[in-house]
Amino acid sequence: MEKILNGEKSGSFPRFGRRRTKFELETSSFKLENVKPKELDDNHVTGSDEIMLEHGLSYDQMLEQVDRFIESLVSARDKSISPEIPDIVEPFLKMIDSRIATYERREASAKFGHNQDEDSSFFEAVTRLSKMVHCLDEFTKDSVANGCSNRAGSVFQHAMSMLETEFQAILDIWKRNCNVTIMDSKTPKTPKQSVFNSNQPEIETEFPYFPPGSKVVMKEVATVMIFAGHESECCVAYTALRLNALHAEFSKQEYENINMEDFQRMEWATQEGEIDNWVHIVKYCTTNLFSVERKLCYSIFEHAPIAQRLFCDLATSLTIKLLNFPNALLLIKQYSTEKLFKFLDIYETLCDLISVIGNDLSAKDLIPKTQCKIGEAAVSILCELKDSIKNDNGRIPVANGAVHPLTRYTMNYLKYACEYKDTLEKIYRQHKDETDGSTKQEPKNATENNGESTNTPHFAKELMLVMDLLDANIDTKSKLYRDPSLRYIFLMNNGRYMLQKIKSSNNINEVMGDEWLWKQSSDLRQYHKNYQRETWGKVLQCMSHEGLQVNGKVSKSTLKERFKSFNAMFDEIHKTQTAWIVSDEQLKSELRVSISAVVIPAYRAFLGRFSSHFNKGKQQEKYMKYQPEDIEGLIDELFEGTVASIGRRHGFNVVKN
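Just so you know, the residues in each chain are numbered from 1, in the order the chain's sequence is written. Owing to the predicted nature of the model, reporting of local features is limited to residues with pLDDT of at least 70; listing and counting of side-chain atom pairs is limited to 80 or more, with chain, interface and lining totals taken over all residues. Remark: hydrogens and water are excluded; side-chain values derive from all non-hydrogen atoms of the structure.

1. Things to note about the overall build of the protein chain
In DSSP terms, a helix is any run of H or I states spanning at least four residues, a strand is any run of E spanning at least two, and both are numbered starting from the N terminus. In terms of regular secondary structure, the protein chain is built from 25 helices and two strands. Relative accessibility under 20% of the residue-type maximum defines a buried residue, over 50% an exposed one, and the middle range a partly exposed one, all with a 1.4 Å probe and only protein chains included. Each of the 657 residues in the protein chain was classed as buried or not, and the buried ones make up 50%. Of all intrachain contacts in the protein chain linking residues separated by at least 6 positions in sequence, the fraction that spans at least 24 positions is 78%. Carbon and sulfur atoms make up 48% of the accessible area of the protein chain, which totals about 31600 Å². By the convention used here, residues are in contact when the closest approach between their heavy atoms is within 4.5 Å. Areas reported here follow the Shrake-Rupley algorithm with a probe of radius 1.4 Å; residue values treat only the protein chains shown as occluding.

2. Quick notes on the packing of aromatic side chains
Classification of ring pairs uses Phe, Tyr and Trp, with its six-membered ring standing for Trp, and accepts pairs whose centres are within 6.5 Å; under 30 degrees between planes counts as stacked, over 60 as edge-to-face, and the remaining range as tilted. Following the criterion strictly, the structure yields 26 aromatic pairs and no others. Centroid distance Tyr 481 to Phe 490: 5.1 Å. Interplanar angle 45 degrees. Geometry classified as tilted. A single burial state applies to Tyr 481 and to Phe 490, both of which are buried. Both rings, one in Phe 566 and one in Phe 570, keep their centres 5.9 Å apart while their planes meet at 15 degrees; by these two values the pair is stacked. On the criterion of helical spacing, the pair formed by Phe 566 and Phe 570 is a turn pair, its members being four residues apart in helix α22 (residues 556-577). Neither Phe 566 nor Phe 570 differs from the other in exposure class; each is buried. Within the aromatic cluster, the residues linked to one another by ring pairs are Phe 341, Tyr 409, Tyr 413, Tyr 416 and Tyr 420.

3. Some points on the pattern of salt bridges
Any Lys or Arg side-chain nitrogen located within 4 Å of an Asp or Glu carboxyl oxygen qualifies as a salt bridge. For the coordinates displayed, the defined rule picks out 25 salt bridges. Across the pair Lys 477 and Asp 392 runs a salt bridge, and its minimum N-O distance is 2.8 Å. Here the residue Lys 477 occupies a position in helix α19 (residues 458-478), and Asp 392 occupies one in the loop between α15 (366-390) and α16 (405-417), the gap between them amounting to 85 residues. Residue Lys 477 is classed as buried on the basis of its relative accessible area of 4%. Of the residues examined, Asp 392 reaches a relative accessible area of 25% and is grouped as partly exposed. Notably, a salt bridge pairs Arg 487 with Asp 475, separated by 3.5 Å at the nearest N-O pair. One end of the pair, Arg 487, is in helix α20 (residues 484-503); the other, Asp 475, is in helix α19, and 12 residues separate them in sequence. One network of salt bridges, in which partners are shared, links Glu 585, Lys 588, Arg 592 and Glu 640.

4. A few points about the side chain of Thr 410
Relative to the elements of secondary structure, Thr 410 occurs in helix α16. Apart from residues no more than four positions distant in its own chain, Thr 410 is found in contact with Ile 389, Val 466 and Leu 470.

5. A look at unusual backbone geometry
Most peptide bonds take the trans configuration, and most residues that are not glycine carry a negative phi. The backbone of Ser 109 sits at a positive phi, close to 70 degrees, despite the residue not being glycine. Position of Ser 109 relative to the elements: it lies in the loop between α5 (89-104) and α6 (116-136). Residue Ser 109 is classed as buried on the basis of its relative accessible area, which comes to 3%. Despite not being glycine, Glu 254 has its phi angle at roughly 65 degrees, a positive value. Secondary-structure assignment places Glu 254 in the loop between α10 (231-252) and α11 (260-265). Glu 254 gets classed as exposed once you look at its relative accessible area, which sits at 68%.

6. Brief notes about the packing of helix α4 (residues 59-75) against α5
Packed helices, taken two at a time, are described by their axes: the angle between them and the distance between them. Helix axes use the C-alpha atoms of the stretch in contact, all axes being lines fitted to C-alpha atoms, and the angles between their N-to-C directions lie in the range 0 to 180 degrees. Contact pair α4 / α5: the axes reach a minimum separation of 10 Å and the direction vectors enclose 120 degrees. Classified by the interaxial angle, the pair formed by α4 and α5 is oblique. For the pair α4 and α5, the sense of crossing is left-handed. Seen from α4, the contacting residues are Tyr 59, Met 62, Leu 63, Val 66 and Phe 69; seen from α5, they are Val 89, Phe 92 and Met 95. Across the contact of α4 with α5, the residue classes break down as eight nonpolar, no polar and no charged. The cut-offs work like this: below 35 degrees is roughly parallel, past 145 is roughly antiparallel, 65 to 115 is roughly perpendicular, and the gaps in between are oblique. Working rule for handedness: look at the near helix, and if it is turned counterclockwise from the far one by less than a right angle, call the crossing left-handed; if clockwise, right-handed. Note that Gly is not counted as nonpolar here; it falls among the polar residues with everything else outside the nonpolar set of Ala, Val, Leu, Ile, Met, Phe, Trp, Tyr, Cys and Pro and the charged set of Asp, Glu, Lys and Arg.

7. Observations concerning the packing of α6 against helix α7 (residues 143-171)
Axis separation between α6 and α7 bottoms out at 9 Å; the angle between their running directions is 140 degrees. Considering the angle they form, α6 stands oblique to α7. When the axes of α6 and α7 are compared, the crossing they make is left-handed. Across from Phe 122, Phe 123, Val 126, Leu 129, Ser 130, Met 132, Val 133 and Leu 136 in α6, the residues of α7 making contact are Ala 145, Cys 148, Ser 149, Ala 152, Gly 153, Val 155, Phe 156, Ala 159, Met 160, Met 162 and Leu 163.

8. Observations concerning helix α23 (residues 585-610)
Multiplying 1.5 Å by the residue count of a helix minus one yields the expected span of that helix. Given a rise of 1.5 Å per residue, 26 residues ought to cover 38 Å, and the 36 Å separating the end C-alpha atoms of α23 matches this to within 8%. Bend, in this description, refers to the angle at a residue between axes fitted to the seven residues ending there and the seven starting there. The largest bend along α23 reaches roughly 30 degrees and is located at Ser 596. Here a polar contact is taken to be a pair of N or O atoms separated by no more than 3.5 Å, where protein atoms must pair a possible hydrogen donor with a possible acceptor and residues adjacent in sequence count only if both atoms sit in side chains. Taking the backbone nitrogen of Gln 586 as reference, a side-chain oxygen 3.2 Å away marks Asp 584 as the first, capping residue of α23.

9. Focus on the confidence of the model for the protein chain
For every residue, the predictor states its confidence as a pLDDT score lying anywhere from 0 to 100. Summing up the model confidence of the protein chain, the mean pLDDT is 82 and the portion of residues at 70 or higher is 81%. Overall, residues 447-452 carries pLDDT values under 50, and its contacts beyond four positions in sequence, including any with other chains, amount to five contacts. Predicted confidence is poor over residues 648-657, with pLDDT under 50, and the contacts of this stretch with residues over four places away or in other chains come to 22 contacts.

10. A look at the environment of Ser 143
Within the secondary structure, Ser 143 sits in helix α7. With a relative accessible area of 60%, Ser 143 lands in the exposed category. It is 9.7 Å that separates the C-alpha atoms of Ser 143 and Ser 80, two residues lying 63 residues apart in sequence.

11. Overview of helix α25 (residues 628-635)
With respect to burial, α25 is a largely interior element, six of its eight residues being buried. Residues of α25 that are buried: Pro 628, Asp 630, Ile 631, Gly 633, Leu 634 and Ile 635.

See the structure below:
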């Protein structure tokens, strides 16, 4: 058949013959009375040699005569008079009619594949017939040629009808064979028998569920139909039946179109499950379905442009079906902050879809258009986060200076968001005008000393803006504390929490950069210094030597007041600040060490210098309640978030309980 498709023997002919009208077929009057067809049983196909024996010609000789007739039709310059119709035409037509009749007695989808030589000879004959019909159609003024054309056209249309019906029947085989799911490798595979050869191999148990032999037959049928000018019928049938198969595969994967009203009434937790199902089916399409379907198209249609066009149509139809879901999700327009990550999952899934079939779609902007809207939704959600931070104006301070819930929520949110940092950077780059351009707001760390914007990535700028808003909000909330010391504990707790969250994640650390880490560490050191000054500055003043001597002698009354003041202030600090909370163990340790480093040496020196001015016994116990070791132990009880209890001292050397 390849020789005929290339025009060998019969010259170069147009590929597509004119379709015959019903009127032309019904008014056919041409017939040659040379050969009578034999009676055939259902299982016998008349051999070409069997018919030709009556003329003393072999099958190949018959085809040569047909080819010469076609060549004469092509070479005729005067299209008003056709060349003489040879006697071989009618036997040739009857042979094809006889073959068609036998094929039609066979079961649908099993007409071909029993005898490859038999099928090949039939396809070759039909191909020559299509050429003959096309050439005869050019002799419109010749009655003999018209009669022959109508007779040949009738056989030709019968052949095309049978081929189209069989093509559709084979394409429908998947309905009987799609009982095994490609996604479930543990599902037992039940062998099914094929009618396409006597060895009866197993039918494919994975999508698209065709016996291997059926693809070969479909390719041969499609090639003949397209060559004969029936490309439209072949392609329409293929597209319609493959779409049915693909939609059925979607259902098998438990993906169905969701009613928009039902979807809008769903709780977010239920919607999350639907989004996960959608991501699953799209990944199935990108990793399996589309590649398998593309391969099937190219295995059936040998002409690449036709195969590509058919795959494009199928891929476009499936993509529209897939995009119905995210487009429905966008109609809800209730973008609370917890929805961000599912929207980013959808965005990334659409990126994968574009990379796999973006160039194969009839409408190139089909996926990018939806993807852009999903990106806009993500931007809106992060704007919602910024607004929620700005508008968090609670007037009740967090008990004991602990980390504020807003800080915990925001930092955990940003840490998770930075796992999508590349995706978010792409989104913000695409939506630069809507984000940066509209507000003209720049984060503190995104500008250089001269005020000009650096080359900070778009998402990094957005993240820094969120951090600036959080810092400002926490600073405002710190002013709700009346005790300055507690205010600095609150600032340290929240600042340390932010710092540790960023250090613990490479993703967010990379986005924020070293400059932010340095600034945050610097702020924490300043809060620490301010806390020590506010809390322990007055305590240290009690142990100052200044003002203790009067006329060169230590004033005992002043010394007593100093010890009393120290004891009272230390007791109050211990009582109050043991209830305060520092949740970060390293920060807690740093605070205790720094307090001990300042207070204990000063107290030890003060005690050693002035303890001799008190009588041993009750007087020392009254004014010098603590040994330096006691002070150190009590400092180690600070910031535990518990109620303090200081045991009563019964003597100068009594250790604490």
